[in-house]
Amino acid sequence: MENAVKAICQALIEEAGIVISHTDKIAALGSSEARTTAQTIDGMRLDAVEHIQNLTLELTRVIASGEEPGEEESGAEPEGGGAAE
């Protein structure tokens, strides 16, 4: 379980870095001429935030249950595929 917790936390760190990077890019654009680009980057940023939410839920499940990702009492895969990527 400890390896799963570490892997999920590492993925959270990486996703947070992506959100920060996208936020910096949007701030650097500044002009209204770059609005389309900013909207595209914002969409990617929201995707990263969604991934953070999914990882956080998986981390909570792993710690609370003591199970490895993908391992449930019924033996079935968890919805959402666990801590992929």
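Structure first, text after, so check above.
The structure contained in this document is the topic of the report that follows. (Residues numbered from 1 in each chain as written. Predicted model: local features only at pLDDT ≥ 70, side-chain atom pairs only at ≥ 80, totals over all residues. Heavy atoms only, no water.)

## Some thoughts on the packing of helix α1 (residues 2–29) against helix α2 (residues 35–65)
Turning to step 1, where the next piece is worked out: Interhelical geometry of α1 versus α2 gives an angle of 160° and a closest axis separation of 9 Å. One element, α1, and the other, α2, form an angle in the roughly antiparallel class. Read as a crossing pair, α1 and α2 show a hand that is left-handed.
Turning to step 2, where the next piece is worked out: Partitioning the contact of α1 with α2 into residue classes produces 21 nonpolar, five polar and five charged. (Axes fitted to C-alpha atoms, helices over the stretch in contact; angles between N-to-C directions. Helix = DSSP H or I, 4+ residues; strand = E, 2+ residues; numbered from the N terminus. Parallel < 35°, antiparallel > 145°, perpendicular 65-115°, else oblique. Left-handed = near helix turned anticlockwise from the far one by under 90°. Nonpolar A, V, L, I, M, F, W, Y, C, P; charged D, E, K, R; others polar.)

## Things to note about the pattern of salt bridges
Turning to step 1, where the next piece is worked out: As enumerated under the stated definition, the model contains two salt bridges in all.
Turning to step 2, where the next piece is worked out: Across the salt bridge formed by Arg 45 and Asp 42, the nearest N and O atoms sit 2.4 Å from each other. Of this pair, Arg 45 and Asp 42 are both found in helix α2, three residues apart, which corresponds to roughly one turn of the helix.
Turning to step 3, where the next piece is worked out: What makes Arg 45 partly exposed here is its relative accessible area of 22%. (Salt bridge = Lys/Arg side-chain N within 4 Å of Asp/Glu carboxyl O. Buried < 20%, exposed > 50% of the residue type's maximum accessible area, 1.4 Å probe, protein only.)

## Details of α1
Turning to step 1, where the next piece is worked out: For α1, built from 28 residues, the straight-helix expectation of 40 Å at 1.5 Å per residue is met to within 8% by its first-to-last C-alpha distance of 41 Å.
Turning to step 2, where the next piece is worked out: Three or more residues of α1 are buried, namely Ala 4, Val 5, Ile 8, Ala 11, Leu 12, Glu 15, Val 19 and His 22.
Turning to step 3, where the next piece is worked out: A positive backbone phi angle near 65° is found at Gly 30, which sits one or two residues after α1. (Expected span 1.5 Å × (residues − 1).)

## Examining the environment of Ser 21
Turning to step 1, where the next piece is worked out: Relative to the assigned elements, Ser 21 resides in helix α1.
Turning to step 2, where the next piece is worked out: Sequence spacing of Ser 21 and Arg 45 is 24 residues, and the spatial spacing of their C-alpha atoms is 8.7 Å.

## A closer look at the nonpolar core
Turning to step 1, where the next piece is worked out: In this structure, Ala 4, Val 5, Ile 8, Ala 11, Leu 12, Leu 55, Leu 59 and Val 62 together form the largest nonpolar core, which totals eight residues.
Turning to step 2, where the next piece is worked out: Contributions of two or more residues to this core are made by α1 and α2.
Turning to step 3, where the next piece is worked out: Among the elements that make up this core, the one with the highest residue count is α1 (five residues). (Core = buried A, V, L, I, M, F, W, Y, C linked by side-chain atoms within 4.5 Å.)

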